[in-house]
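Residues per chain, in single letters:
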Amino acid sequence: MNVSVQPTEGDDWSQIVVAFTDLTERRRLEQSLRRANEMLQRVNSDLEQFAYAAAHDLREPLRTIALYTQLLQKLQPEKLGPAAHTALTYILQNAVRMETLVGDLLTFAQTIEPHDLTRLPLVDPHAIAGDVLTSIAGTIEQAGARVAVSRDLPAVAVQAGHLRQLFQNLIANAIKYRSPDRIPEVGVTGTERDRHAVFCVSDNGMGISPEYHNRIFGIFKRLHSTEIQGNGIGLALCKKIVEQYGGRIWVESKVDAGSKFYFTIPASLL
Ligand code: ADP
């Protein structure tokens, strides 16, 4: 396209040239952003497909290992010495553990973005948190925990199952990582701020040292070994869900001073 600019008396040419340069620069930036975005989406989808295929194909051989180990344990008890019996028990335990991990990986890969974010119905977070408390009532009772859910949680347009997973993981963790010195107290609150719904799940548990605040959201990242059971996938799943809606998740915590997990859902979806 040809653009001809006729100066009239009093025109400031330097300003016209600057405006032209800015536009070209903006277009170039937009193009490279679009390309980067497309590449990210491709890489993401490749990774998801890979995780899905790996998890699916790994499960079958693992089940077979577990099955035959059990058969060996049952069929030949008199021929197995104590050392062989212990070895078979370890094989079985690890095959079962790996199957759980692979199953979690599958759940992670299958948690996909809703097709049309703008068409999701508003859900009531208070009701969803209530469902979660019912489903983990046994855990709450066993730990003697007190869980308080605010009545004023902002309604959000998200898939109900996604919000349930967020509350479920965060509340269950708040109880699981309790302090041995205190009765666990968990709070669920929410507010609207800067065009976002901001939810917070707080606890008075063992807390997390600041150098781990980012790391714990990585897949299979844990700060505890087997003394507290877990697979290190819950927070990675929370992060994935929240980011699919354009929100973010983070933690504020200090060792032995409890934790506050925050997550946001943008107001464009409210
Ligand atoms: P999992 O609980 O299966 O290990 P998560 O992804 O849910 O996996 O959590 C990752 C790690 O973050 C946990 O292993 C634990 O060390 C830490 N963590 C999560 N929630 C809390 C919490 N409320 N208080 C203290 N530590 C926590």
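A few points on the structure. Bear in mind that the values here come from a model prediction, so they are computed numbers and not experimental data.

Its place among the elements puts E185 in strand β4 (residues 185–193). Separated by 10 residues in sequence, E185 and I175 place their C-alpha atoms 8.0 Å apart. Once you skip the residues sitting within four places of it in the chain, E185 turns out to touch R146, S202, D203 and N204. For E185, the side chain forms a polar contact with the side chain of R146, separated by 2.5 Å.

Within the structure, the ligand sits among 20 residues, and N173, Y177, R222, H224 and N231 are positioned closest to it. At 2.6 Å from an oxygen atom of the ligand is found a side-chain nitrogen or oxygen belonging to Y177. In isolation the ligand offers 530 Å² of accessible surface; the protein chains occlude 97% of this area. Going through the elements one at a time, α5 (160–176), α6 (234–244) and β7 (259–266) are the ones with two or more residues in the shell around the ligand. Residue classes in the shell around the ligand are distributed as 8 nonpolar, 8 polar and 4 charged.

Moving on to the nonpolar core. Nonpolar side chains tend to gather and get buried jointly when the protein is soluble and globular. Residues L163, F167, I171 and F263 are the most contacted members of the largest nonpolar core, which totals 45 residues. Sort the elements by how many residues they give to this core and α5 lands first, with 7 residues. In contact with I171, other than residues within four places in its own chain, are V132, L133, I136, V147, V186, V188 and V201.

Either a parallel or an antiparallel arrangement is found when strands of a sheet pair, and the pairing is made through backbone hydrogen bonds. On the basis of which strands lie adjacent, the open sheet formed by 5 strands has the order β2-β4-β5-β7-β6 and mixed pairing. Two strands in the sheet have a free side with no partner beyond their single neighbour: β2 (146–149) and β6 (249–253). Each adjacent strand pair in this sheet contributes to an overall mean axis angle of 20 degrees, direction not counted. Examined bridge by bridge, β6 and β7 share 5 bridges and lie antiparallel to one another. Considered in β7, the bridge of I249 is made with F263.

So, about the pattern of salt bridges. Under the definition given, this model contains 8 salt bridges. Across the pair E99 and R63 runs a salt bridge, and its minimum N-O distance is 3.2 Å. Here E99 is found in helix α2 (residues 82–110), whereas its partner R63 is found in helix α1 (residues 13–75), with 36 residues between them in sequence. In this structure, E243 engages K239 in a salt bridge whose closest nitrogen and oxygen atoms are separated by 3.0 Å. Of this pair, E243 and K239 both sit in helix α6, 4 residues apart, roughly one helical turn. The exposure class assigned to E243 is partly exposed, which follows from its relative accessible area of 43%. Judged by relative accessible area, which is 29%, K239 ranks as partly exposed. By sharing partners, the salt bridges in this structure join E60, R63 and E99 into a single network.

On the surface, M39, V43, L47 and F50 cluster together to form a nonpolar patch covering roughly 430 Å² of accessible area. The residue M39 is located in helix α1 in this model.

Take the pairing of β6 next. For β6, the buried fraction is high: 4 of the 5 residues fall into the buried class. In this antiparallel pair of consecutive strands, β6 and β7, the connection spans 5 residues, and D256 shows a positive phi of 65 degrees.

With that settled, the discussion passes to the packing of α2 against α6. Packing of α2 against α6 leaves a shortest axis separation of 10 Å and a crossing angle of 10 degrees. Accordingly, the angle class assigned to the pair α2 and α6 is roughly parallel. Where α2 approaches α6, its residues T107, F108 and A109 are matched on the opposing element by A236, L237 and K240. Taken together, the residues that form the contact of α2 with α6 break down as 4 nonpolar, 1 polar and 1 charged.

Rules used throughout
- Along each chain, residue indices are assigned from 1 in the same order as the chain's sequence is written.
- For a predicted model such as this one, the threshold for reporting local features is a pLDDT of at least 70, and the threshold for listing and counting side-chain atom pairs is 80 or more; totals across whole chains, interfaces and linings nevertheless cover every residue.
- For side-chain calculations, the full set of non-hydrogen atoms in the structure is used, while hydrogens and water are omitted.
- Numbering of helices and strands runs from the N terminus, with a helix taken as a DSSP run of H or I at least four residues long and a strand as a DSSP run of E at least two residues long.
- By definition, residues are in contact when any of their heavy atoms lie within 4.5 Å.
- Any pair of N or O atoms that falls within 3.5 Å is considered a polar contact. Within protein, one atom must be able to donate a hydrogen and the other to accept it, and sequence-neighbouring residues count only if both atoms are side-chain atoms.
- When at least one non-hydrogen atom of a residue lies within 4 Å of a molecule or strand, that residue is treated as near it.
- Reported accessibility uses the Shrake-Rupley method at a 1.4 Å probe radius. Residues are deemed covered only where the shown protein chains occlude them.
- The classification used treats Ala, Val, Leu, Ile, Met, Phe, Trp, Tyr, Cys and Pro as nonpolar, Asp, Glu, Lys and Arg as charged, and all other residues, Gly among them, as polar.
- Buried Ala, Val, Leu, Ile, Met, Phe, Trp, Tyr and Cys residues that are joined via side-chain atoms within 4.5 Å together make up what is termed a nonpolar core.
- Each residue is assigned to one of three classes by its accessible area relative to the maximum for its type, calculated with a 1.4 Å probe on protein chains only: buried under 20%, partly exposed between the two thresholds, exposed over 50%.
- When DSSP locates at least two bridges between a pair of strands, those strands are taken to pair.
- Note on method: axes are straight lines fitted to C-alpha atoms, helices fitted across the in-contact stretch only, with angles between N-to-C directions ranging 0 to 180 degrees.
- Salt-bridge detection follows one rule: a side-chain nitrogen of Lys or Arg within 4 Å of a carboxyl oxygen of Asp or Glu.
- Distance thresholds for patches are 9 Å for like charges and 5 Å for nonpolar side chains (Val, Leu, Ile, Met, Phe, Trp, Tyr), applied to residues having over 30% relative accessible area and no salt bridge.
- Small angles under 35 degrees read as roughly parallel and large ones over 145 as roughly antiparallel, with 65 to 115 read as roughly perpendicular and the rest as oblique.

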